[in-house]
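Tertiary structure, described
The lines below spell out each chain.
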Amino acid sequence: EAQVTQNPRYLITVTGKKLTVTCSQNMNHEYMSWYRQDPGLGLRQIYYSMNVEVTDKGDVPEGYKVSRKEKRNFPLILESPSPNQTSLYFCASSSRQETNYGYTFGSGTRLTVV
Amino acid sequence: AQTVTQSQPEMSVQEAETVTLSCTYDTSESDYYLFWYKQPPSRQMILVIRQEAYKQQNATENRFSVNFQKAAKSFSLKISDSQLGDAAMYFCAYSRIQGAQKLVFGQGTRLTINP
């Protein structure tokens, strides 16, 4: 089944403790992105990648890091999480040739930073 | 920068009736894509319908249709014969064609279906 797999689904952590949210897709997509969803703000892009070793900032990159060492994986790293990063996070992927079909999203990671 | 605005934070409709969700956007591009995504309580983001700006014909998918007004930069979603399973958060989204590596989302509209 074609899908984007995110883990974990829920995560509670303390301020300053480094964490990684994993994302993997099995569709050989070139484009991958991370979004955060906050009430009243919709989804906002954090980082994106157009292919292996090619990443760039989105609209809200502060406090986050990403890497794209393999085409299928695009982990999101919070090196020193803060309470304002409490949010719902989505990974998404798309084929470069088929962006008109929209993106395929993972099932989301609910992160709480206390 | 492109922006998308959904001015209705919440909507409700009686089961079997029709409801229209509003979306406006701002862009200087002439070609682009527009989407409606549904997010049920499961949190999954589900693509409902998409529209390519260079196509004048409004997209339809079963009970879902759009009213795309390019000059007015408006992209509303009509849900006919509403069903309980349509209850969800709905997001309007925009994507450029060139360098289409980002979706720009609206704030979302929470749709409630009354039985």
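Residues numbered from 1 in each chain as written. Chains lettered and ligands numbered in written order. Predicted model: local features only at pLDDT ≥ 70, side-chain atom pairs only at ≥ 80, totals over all residues. Heavy atoms only, no water.

All right, on to the packing of aromatic side chains then. The tally for this structure, following the rule as stated, stands at 15 aromatic pairs over all chains. Ring centres of A:Tyr35 and B:Phe105 lie 5.7 Å apart, and the angle between their planes is 85 degrees; on these two criteria the pair is classed as edge-to-face. Of the two residues, A:Tyr35 is situated in strand E4 (residues 31–38) and B:Phe105 in strand E11 (residues 104–105); the pairing between them involves two chains. Both residues of the pair, A:Tyr35 and B:Phe105, count as buried. (Phe/Tyr/Trp six-rings, centres within 6.5 Å; stacked < 30°, edge-to-face > 60°. Helix = DSSP H or I, 4+ residues; strand = E, 2+ residues; numbered from the N terminus. Buried < 20%, exposed > 50% of the residue type's maximum accessible area, 1.4 Å probe, protein only.)

Inspection of the entire model under this criterion finds two disulfides over all chains. Paired by a disulfide, A:Cys23 and A:Cys91 hold their sulfur atoms 1.8 Å apart. Between A:Cys23 and A:Cys91 the sulfur-sulfur dihedral comes to about -70 degrees; the bridge is accordingly left-handed. Highlighted residues: A:Cys23 in strand E3 (residues 19–25) and A:Cys91 in strand E9 (residues 87–94), separated in sequence by 68 residues. The same class applies to A:Cys23 and to A:Cys91, which are both buried. In this model, B:Cys23 is linked to B:Cys92 through a disulfide, with the two sulfur atoms separated by 2.0 Å. Its S-S torsion of approximately -70 degrees makes the covalent link between B:Cys23 and B:Cys92 left-handed. Within this pair, whereas B:Cys23 is found in the loop between strand E3 (19–21) and strand E4 (24–26), its partner B:Cys92 is found in strand E10 (residues 88–96), the two being separated by 69 residues in sequence. (Disulfide = S-S within 2.5 Å.)

A separate point is the interface of chain B and chain A. Facing the 19 residues of chain B at the interface are 27 residues of chain A. Regarding the contact of chain B and chain A, the summed buried area is about 2000 Å², with carbon and sulfur atoms giving 50% of it. Residue B:Lys102 pairs with A:Asp59 through a salt bridge whose shortest N-O separation is 3.0 Å. One can count nine residue pairs in polar contact (both at pLDDT 80 or more) joining chain B with chain A. Going through the elements one at a time, strand E5 (32–39) and strand E6 (46–52) of chain B are the ones with two or more residues in the side of chain B that touches chain A. Considering each element in turn, the side of chain B that touches chain A owes the most residues, four residues, to E5(B). (Contact = heavy atoms within 4.5 Å. Buried area = accessible area lost by both parts, 1.4 Å probe. Salt bridge = Lys/Arg side-chain N within 4 Å of Asp/Glu carboxyl O. Polar contact = N/O pair within 3.5 Å; in protein donor to acceptor, adjacent residues only side chain to side chain.)

What follows concerns the pairing of E3(A). All names here are of chain A. Most of E3 sits out of view: five of its seven residues are buried. When strand E1 (residues 4–7) meets E3, the two strands line up antiparallel, connected through four bridges. Opposite Gln6, over in E3, you have Cys23 as the bridge partner. Two strands pair when backbone bridges link them, and E3 and strand E8 (residues 76–78) are joined in this way by three bridges, in the antiparallel orientation. Across the sheet, residue Val21 finds its bridge partner in E8, namely Leu76. (Pairing = 2+ DSSP bridges.)

Keep in mind that these numbers describe shape and distance, not what the molecule does.
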